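Residue-level structural notes
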Amino acid sequence: MKRLALALAAFAVAGSALAEYPEKPVTIVVPFAAGGPTDKVARDLAEALRKPLGGTLVIENVGGAGGTLGATKVAKAAPDGYTLLLHHIGMATSPALYRTLQYKTLDDFEYLGLINEVPMTLIGKTALPANNYAELGKWLEANRGKINLANAGLGSASHLCGLLFQQSVKIDMTTVPYKGTAPAMTDLLGGQVDLMCDQTTNTTSQIESGKVKAFAVTTSKRLTTPALAKLPTLDESGLKGFNVSIWHGLYAPKGTPKAVLDKVNAALKTALKDAEFIKREDALGAVIVTDGRVNPAEHKKFVDAEINKWGPVIKAAGQYAD
């Protein structure tokens, strides 16, 4: 009888949490500065989540240390559903990049589902003599030891893509880390660096305007976005198996009540079907996730696989962020 009473009490608490949540604004922590691609995804998602979740959502930017400061804040937050984390691929690469993380990626969070995947493009300054990937490959071979490859900082999407690209072509390049995508792009436009691999959210407009040369996309299939549709994949260009996209997922602190998690996940699935959200993501070159990874278990399984994928790449490069 005592066990039954406890079980009924727990059920009542869970039901109450589901019925009342959210009673106050829900904060989505973005572990990067305002105005960046992850921040843009978060703000668009917050708008799409507002109605199905039934409450106000607030974006809080907690940048620094490659996204680990914001992730740490959420890992240590009260597990009540009022503090969530929207993070990108850094959720899977931080365990290798940072040897003294203050959280365990697979143990200290509740997984709520993937949101989108953002393809990447390999671009170069307009002064490069190459006009397609075949010509670029010859130029890379002829200029070993002289090539500069920009990125937005250690642990950034452009850094990770650049690491894998160098390993794939077996050519070491001088990597030039910047404090963000904007200054890296500025120097590429100005011709101070040669190449960069970055998200379509940052490169599409520059490609459309002819301010950079575009050589390939990093996904396994060609893109349908008009400005990028003619670009070959790196896989079909000879780098077999090359496949990099920058995904975003939603998380809560470990121990958040299941009733709350279920409600947030249901709201997320509804938001991912929101016509305006889909339109905005499509304009950024992002692809909405529609497969099983929108479910918590598959989301976590995917991140685990990504940790195993990127760990050896980062270890081989010997580049750590701490």
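Worth saying up front: this structure is predicted, and the values here are computed from it rather than measured.

As a further point, take the packing of helix α7 (residues 181-189) against helix α8 (residues 200-208). Running from N to C, α7 and α8 cross one another at 25°; their axes reach a closest spacing of 12 Å. Taken together, α7 and α8 sit at an angle that is classed as roughly parallel. In terms of crossing hand, the pair formed by α7 and α8 is right-handed. Residue-level contacts link Thr181, Met185 and Leu189 of α7 to Asn202, Thr203 and Gln206 of α8. Here the contact of α7 with α8 is built from residues that sort into two nonpolar, four polar and no charged.

It is worth spelling out the nonpolar core at this point. Judged by nonpolar contacts, the single largest core of 84 residues is most densely connected at Leu136 and Phe165. Per element, the largest residue contribution to this core is eight residues, and it comes from strand β4 (residues 109-124). If sequence neighbours within four positions are ignored, phenylalanine 165 has contacts with Leu122, Tyr133, Leu140, Met173, Leu234, Leu239 and Phe242. Among the nonpolar cores identified, the runner-up in size contains 15 residues, and Ile123, Ala150, Met185 and Val212 belong to it.

The next subject is the pairing of strand β9 (residues 245-253). Most of β9 sits inside the fold, with nine of its nine residues counted as buried. When strand β3 (residues 83-87) meets β9, the two strands line up antiparallel, connected through three bridges. In the sheet register, histidine 87 faces β9, and the bridge partner there is glycine 249. As paired strands, β4 and β9 are joined by nine bridges and run antiparallel to one another. Paired with proline 119 across the bridge in β9 is serine 245.

What follows deals with the side chain of threonine 256. By the secondary structure assignment, threonine 256 is in the loop between β9 and α9 (258-271). With relative accessibility at 4%, the residue threonine 256 sits in the buried group. Here the side chain of threonine 256 touches proline 253 through a polar contact of 2.7 Å, landing on its backbone oxygen.

Right, let's get into the packing of aromatic side chains. Scanning all chains against the criterion turns up five aromatic pairs. Between phenylalanine 109 and tyrosine 251, the aromatic rings sit 6.2 Å apart at their centres with planes inclined by 70°, giving edge-to-face as the arrangement. Of the two residues, phenylalanine 109 is situated in strand β4 and tyrosine 251 in strand β9; the sequence distance between them amounts to 142 residues. For tyrosine 251, a relative accessible area of 0% gives the class buried. Their ring planes at 75° and their centres at 5.2 Å tell us that tryptophan 247 and phenylalanine 302 sit as a pair that is edge-to-face. Residue tryptophan 247 is found in strand β9, and its partner phenylalanine 302 is found in helix α11 (residues 296-317); the two are separated by 55 residues along the sequence. Taken together, the aromatic side chains of Tyr103, Phe109, Tyr111 and Tyr251 make up a single cluster linked through ring pairs. Lying across the ring of tyrosine 82, lysine 24 places its NZ or CZ 4.8 Å from the centre.

Criteria and thresholds
Residues numbered from 1 in each chain as written. Predicted model: local features only at pLDDT ≥ 70, side-chain atom pairs only at ≥ 80, totals over all residues. Heavy atoms only, no water. Axes fitted to C-alpha atoms, helices over the stretch in contact; angles between N-to-C directions. Helix = DSSP H or I, 4+ residues; strand = E, 2+ residues; numbered from the N terminus. Parallel < 35°, antiparallel > 145°, perpendicular 65-115°, else oblique. Left-handed = near helix turned anticlockwise from the far one by under 90°. Contact = heavy atoms within 4.5 Å. Nonpolar A, V, L, I, M, F, W, Y, C, P; charged D, E, K, R; others polar. Core = buried A, V, L, I, M, F, W, Y, C linked by side-chain atoms within 4.5 Å. Buried < 20%, exposed > 50% of the residue type's maximum accessible area, 1.4 Å probe, protein only. Pairing = 2+ DSSP bridges. Polar contact = N/O pair within 3.5 Å; in protein donor to acceptor, adjacent residues only side chain to side chain. Phe/Tyr/Trp six-rings, centres within 6.5 Å; stacked < 30°, edge-to-face > 60°. Lys NZ or Arg CZ within 6 Å of the ring centre and 35° of its normal.

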